[in-house]
Amino acid sequence: MILLLCTAFAAAQTAAAPPPAPTAEDRIRELEDRIIALEGQVRMLQQQATTSQPAAQPAAPAPAQPLETVAATQPSDAAAQQPQLGGAPSMAKALNPDIAVIGNFVATAGHNPIVESPSLAVPETEVSFQAVVDPYARADVYLSFGEEGVDLEEGYLTFTALPRNFVAKVGKMREYFGKVNTMHTHVLPWVDRPLITENLLGGEEGLSDAGFSISRGFAGPKGIYLEATGQMYRGDAGDVWSQSGKRDVSALAHFRGYGDITESTNLDIGFSYGRGHNDLGSDFLTQLYGVDATLRWKPLRRAIYHSFLARSEFVWSDRQQFPARQRAFGFFTSADYQLARRWWMGGRFDWSDRARAAALTDKGGSFVLTYWPSEFAQIRGQYRYTNYAEGRNANELLMQVLFAIGAHGAHPF
Amino acid sequence: MKSYRTYAIIAALMGAMLFAGPAEAKQLNVVTSTTDMAALAQEVGGDKIKVEAIARGYQDPHFVEAKPSFLLKLRNADLLIAVGLDLELGWLPALVTQCGNGKIQPAASGYLDASQFAEILEKPTGPVSRAQGDVHPLGNPHYWLDPDNGRRIAKGIAAKLAQMDPENAAYFQQRAADFEQRLAQAEKRWQQQMAPYRGRKVVSYHKSWPNFARHFGLDVVGYVEPRPGIPPSPQHTMELIGQMKRDNVKIILVEPYFDLKTPNSIASKTGGKVVVLLPSVGGEQQASDYFKLFDYDIQLLTSAFQQVK
Ligand SMILES: [Zn+2]
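The paragraphs below set out a description of the structure included in this document.

Criteria and cut-off values
- Residues numbered from 1 in each chain as written.
- Chains lettered and ligands numbered in written order.
- Predicted model: local features only at pLDDT ≥ 70, side-chain atom pairs only at ≥ 80, totals over all residues.
- Heavy atoms only, no water.
- Helix = DSSP H or I, 4+ residues; strand = E, 2+ residues; numbered from the N terminus.
- Buried < 20%, exposed > 50% of the residue type's maximum accessible area, 1.4 Å probe, protein only.
- Contact = heavy atoms within 4.5 Å.
- Areas by Shrake-Rupley, 256 points an atom, 1.4 Å probe, with all protein chains shown as cover.
- Pairing = 2+ DSSP bridges.
- Axes fitted to C-alpha atoms, helices over the stretch in contact; angles between N-to-C directions.
- Expected span 1.5 Å × (residues − 1).
- Polar contact = N/O pair within 3.5 Å; in protein donor to acceptor, adjacent residues only side chain to side chain.
- Parallel < 35°, antiparallel > 145°, perpendicular 65-115°, else oblique.
- Patch = residues over 30% accessible without salt bridge, like charges linked within 9 Å, V, L, I, M, F, W, Y side chains within 5 Å.
- Salt bridge = Lys/Arg side-chain N within 4 Å of Asp/Glu carboxyl O.
- Lys, Arg positive; Asp, Glu negative; His and termini not counted.
- Charge placed at Lys NZ, Arg CZ, Asp CG, Glu CD.
- Core = buried A, V, L, I, M, F, W, Y, C linked by side-chain atoms within 4.5 Å.

Examining the overall build of chain A
The number of helices and strands found in chain A is three helices and 16 strands. Counting every position in chain A, which comprises 413 residues, the buried fraction comes to 56%. The contacts in chain A between residues at least 6 apart in sequence include a share of 57% that link residues at least 24 apart. Carbon and sulfur atoms provide 66% of the accessible area of chain A, an area that totals close to 16,100 Å².

See the structure below:
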């Protein structure tokens with residue numbers, strides 16, 4: 001600490017050195033300025049020393065922050081109007097990374113003849129560790145503690161200082177296919193995931209795998225932001241891709257265009273393509289094609305009170321299997337409106353073939369109401385109707401309580 | 001069939017991306033998180049820099065949407081000036097991580113945290129917890145609303161610009177000195193206007209004004225928010241009304257991005273007046289630079305004080 005102070009003092013002295021002050025008043029002001037400069041230097045040094053990285057850490061998106069991370073290469077975006085759990089980090093973080101825990105409790109009422117959910121469950125508790133590694137990279141690790149065990153939900157390094165504005169990631173990641181696949185459960189605007197996730201994109205948790213990703217943004221015409229991403233993975237993701245031999249890697253490409261229509265309204269469109277080998281062996285491919293579109297509205301002067309987000313994702317799956325190749329299609333379309341600072345309502349329509357039996361189509365719809373008692377807790381109710389291909393219906397009521405402690409959050413965008 | 005063709009396509013795309021680099025600009029490209037930092041940078045940078053702010057002056061600086069269009073601004077920045085003290089925690093780090101510009105990463109030389117130059121009030125003394133509110137954990141980040149801090153920040157920015165562009169060092173120092181002089185002039189005028197109202201008690205919506213209040217001798221005795229970042233609750237509002245009646249407080253300062261419902265109802269119950277004061281340059285068209293921001297606010301305040309006697 002003494003060393004720090006000395007350094008700060010020396011730095012302050014070399015930095016200041018103004019011409020001699022003529023009056024006593026000026027001299028006092030001069031002295032005041034020096035003390036303030038010194039205090040500032042000490043603050044900066046303390047930050048560097050205690051966090052191993054200077055400046056504010058991307059810990060928590062402040063409350064009410066649009067989760068919708070418009071800024072994403074991996075848009076961990078949740079509805080623009082959905083509450084982002086998490087808050088300010090404490091100063092006591094010392095040399096540790098920012099740590100946060102997000103608990104998720106779900107209660108289900110009603111009957112589902114096809115996919116029976118437990119009446120009460122803690123589907124996952126997410127523990128995250130985030131830190132800037134050095135001026136060139138940052139690390140984000142998310143562990144998911146289920147009732148049965150621990151899983152590495154994501155864990156990767158982001159290289160932030162590559163030449164030519166490239167951004168690269170290595171590690172385990174949610175694959176950049178569409179929007180919802182990149183989002184963690186607790187940032188979704190619903191309790192569950194849409195039917196396309198279950199039927200076409202890898203099952204319950206979606207597509208995630210170990211691999212690397214490289215991405216770059218471009219300035220398009222009229223201020224449009226364009227972004228291209230290429231990813232390569234081991235080739236094990238949900239029930240979509242699996243690796244029978246080392247060469248069975250999967251590849252993914254994503255293109256994105258984003259434009260501000262007005263300062264409050266913007267449109268975000270993405271195209272995704274994924275290709276890998278399926279569980280029948282190295283000679284059997286599954287290819288995925290996706291289109292996603294998001295329209296957001298958030299008036300800047302009242303950003304914390306009102307917002308609207310409409311989103312659709314369309315997915316085509318082409319799976320080689322016996323006896324015949326299966327070409328399946330599915331989509332969802334949803335809208336969410338923020339009524340007031342603490343209240344959101346939304347709905348979703350689902351329609352999806354099944355990847356392994358494209359002739360079977362499931363349909364459904366949901367209505368969601370979300371309340372946010374504080375920045376660190378969220379209560380959500382969802383009514384869900386599903387019409388399964390087998391001809392059976394399910395009417396369910398899902399209740400969710402989410403809470404966050406620690407310096408959570410921000411999912412890397 | 002093997003997947004080589006796909007990989008060849010991806011490799012070709014990557015190659016194409018490599019050659020699509022931007023051209024270098026001659027002026028220093030400065031991006032700031034808020035309009036106030038942009039205004040101060042412009043004062044000292046003159047025509048040797050190009051400066052652009054991310055947030056608008058009428059946006060709540062705590063809650064800005066991290067739009068991808070901002071990535072394009074950040075990508076070509078030589079210098080990023082942030083307010084710091086976690087003001088931009090919810091949006092700026094995400095953008096910086098994503099922009100692919102190594103120069104402005106935290107710890108890199110093109111990242112300037114302006115809070116190091118300013119006098120910071122309301123620094124937490126004990127352990128920090130959520131019980132104290134959510135958005136000011138490191139001290140009050142609305143520090144630019146004291147002209148003395150404006151002067152110090154401008155000086156700090158000038159020193160940084162001089163270091164990044166040594167050829168124009170004298171130019172930046174000259175402009176900083178000129179700014180200081182003009183600020184001292186304006187200060188006399190502002191102090192004169194505010195002199196009759198020194199010591200007046202006011203309440204504000206958010207804790208945006210401690211530096212302003214101290215500089216101009218106002219006494220902020222309460223807040224519409226129970227704690228920074230927490231929306232008003234009925235119980236807190238009742239207490240505030242009681243306090244305002246007891247202390248005869250008539251002025252409620254509200255930032256332009258807050259809903260006026262609660263402030264208006266407080267005003268009607270206390271015979272007070274709601275004043276939508278601007279915390280940032282560009283909050284209204286007239287408040288187009290650092291001087292005009294204070295001109296605007298002081299004009300509004302003094303006329304409000306006159307109206308409530
Ligand atoms: Zn604040």
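Now that the structure has been shown, we can carry on.
Side note on the sheet that holds strand 6 (residues 219-223) of chain B
Residue and element names in this part refer to chain B. Pairing is parallel in the open sheet, where four strands are placed in the order 6-5-7-8. Each edge of the sheet is formed by a strand with only one pairing partner; in this case those strands are strand 6 and strand 8 (273-276). On average, adjacent strands in this sheet sit at an angle of 35° to one another, irrespective of strand direction. Where strand 5 (residues 201-204) and strand 7 (residues 251-254) come together, three bridges link them in parallel fashion. For Ser-204, the partnering residue across the bridge sits in strand 7 and is Leu-253. Contacting strand 5, strand 6 and strand 7, helix 8 (residues 234-247) crosses the sheet at an angle of about 150° to strand 6.

Thoughts on helix 10 (residues 290-308) of chain B
All names here are of chain B. Helix length check: helix 10 (19 residues) gives 28 Å between terminal C-alpha atoms against 27 Å at 1.5 Å per residue, within 8%. For helix 10, the full list of buried residues reads Tyr-290, Phe-291, Leu-293, Phe-294, Tyr-296, Asp-297, Ile-298, Leu-301, Thr-302, Ala-304, Phe-305 and Val-308. Between the side-chain oxygen at the start of helix 10 and the backbone nitrogen of Phe-291 there is a gap of 3.0 Å, and the oxygen is on Asp-289.

Comments concerning the packing of helix 6 (residues 169-194) of chain B against helix 10 of chain B
Residue and element names in this part refer to chain B. Where helix 6 contacts helix 10, the two axes come as close as 10 Å, and the packing angle between them is 0°. Between helix 6 and helix 10, the interaxial angle falls into the category roughly parallel. In this structure, helix 6 uses Phe-179, Arg-182, Leu-183, Ala-186, Arg-189, Trp-190, Gln-193 and Met-194 to contact helix 10, whose residues at the interface are Tyr-290, Phe-291, Phe-294, Asp-295, Ile-298, Gln-299, Leu-301 and Thr-302.

Observations concerning a negative patch on the surface
Residues and elements named next belong to chain A. Taken together, the side chains of Asp-151, Glu-198, Glu-204, Glu-205 and Asp-239 define an acidic patch exposed on the protein surface. The topology assignment puts Asp-239 in the loop between strand 7 (225-233) and strand 8 (250-260). On the accessibility criterion, Asp-239 (40% relative accessible area) is partly exposed.

Notes on the sheet that holds strand 3 (residues 79-82) of chain B
Residues and elements named next belong to chain B. Spatially, four strands are ordered 2-1-3-4 in an open sheet, and the strand pairing comes out parallel. Edge strands, defined here as strands with exactly one partner in the open sheet, are strand 2 (49-53) and strand 4 (111-113). Averaged over all neighbouring strand pairs, the angle between strand axes comes to 20°, with direction disregarded. Pairing between strand 3 and strand 4: three bridges, direction parallel. Each bridged residue has a counterpart across the sheet, and for Ile-81 the counterpart in strand 4 is Leu-112.

Examining unusual backbone geometry
Put simply, Phe-322 of chain A and Pro-323 of chain A share a cis peptide bond, and its omega is -5°. Structurally, Pro-323 of chain A is set in the loop between strand 11 (307-319) and strand 12 (326-340). Even without being a glycine, Asn-165 of chain A presents a positive backbone phi close to 65°. Of note, Asn-165 of chain A is situated in the loop between strand 4 (150-159) and strand 5 (166-174). Among the residues examined, Asn-165 of chain A registers a relative accessible area of 9% and is labelled buried. Notably, Leu-85 of chain B is not glycine yet its phi reads approximately 55°, a positive angle. Relative to the elements of secondary structure, Leu-85 of chain B occurs in the loop between strand 3 and helix 4 (92-98).

Considerations on the environment of Val-122 of chain A
Residue and element names in this part refer to chain A. Looking at where Val-122 falls in the secondary structure, it is placed in strand 2 (residues 120-134). Through-space distance from the C-alpha of Val-122 to that of Ser-307 is 30 Å; in sequence the pair is 185 residues apart. Beyond its immediate sequence surroundings of up to four residues, Val-122 is in contact with Asn-104, Phe-105 and Glu-147.

Some points on the nonpolar core
Counting residues in each nonpolar core, the largest one holds 63 residues, and the members touching the most others are Ile-81, Tyr-143, Ile-153, Ile-157, Leu-161 and Phe-212 of chain B. Ranked by residue count, the leading element in this core is helix 10 of chain B, at ten residues. Other than its neighbours up to four places away in sequence, Tyr-143 of chain B contacts Met-37, Ala-82, Val-83, Leu-85, Ala-114, Ser-115, Ala-118, Glu-119, Ile-120, Asn-149, Ile-153 and Asn-211 of chain B. Grouped together as the second largest cluster of nonpolar side chains are 22 residues, Leu-201, Leu-288, Ala-328 and Phe-332 of chain A included.

Structural notes on the environment of Ser-265 of chain B
Residue and element names in this part refer to chain B. Summarising the element assignment, Ser-265 is placed in helix 9 (residues 261-270). Using a relative accessible area of 25% as the deciding quantity, one classes Ser-265 as partly exposed. Sequence separation between Ser-265 and Tyr-143 is 122 residues; the distance between their C-alpha atoms is 29 Å.

Here's the deal with a nonpolar patch on the surface
All names here are of chain A. Residues Trp-297, Tyr-337, Leu-339, Trp-343, Met-345, Phe-367, Leu-369, Tyr-383, Tyr-385 and Leu-397 make up a contiguous nonpolar surface patch of about 860 Å² in total accessible area. For the nonpolar patch, the elements supplying multiple residues, two or more each, are strand 12, strand 13 (343-354), strand 14 (357-374) and strand 15 (377-387). Within the secondary structure, Leu-369 sits in strand 14. Since its relative accessible area comes to 36%, Leu-369 is described here as partly exposed.

Comments concerning the pairing of strand 1 (residues 98-111) of chain A
A regular strand places its side chains so that they alternate between the two faces of the sheet. Residues and elements named next belong to chain A. Inspection of the sheet shows strand 1 paired to strand 2 by nine bridges, in the antiparallel sense. From the neighbouring strand, Ala-100 faces strand 2, where its bridge partner is Ser-128. With twelve bridges joining them, strand 1 and strand 16 (residues 393-406) adopt antiparallel strand pairing. Each residue of the ladder has a partner; that of Phe-105, found in strand 16, is Val-401.

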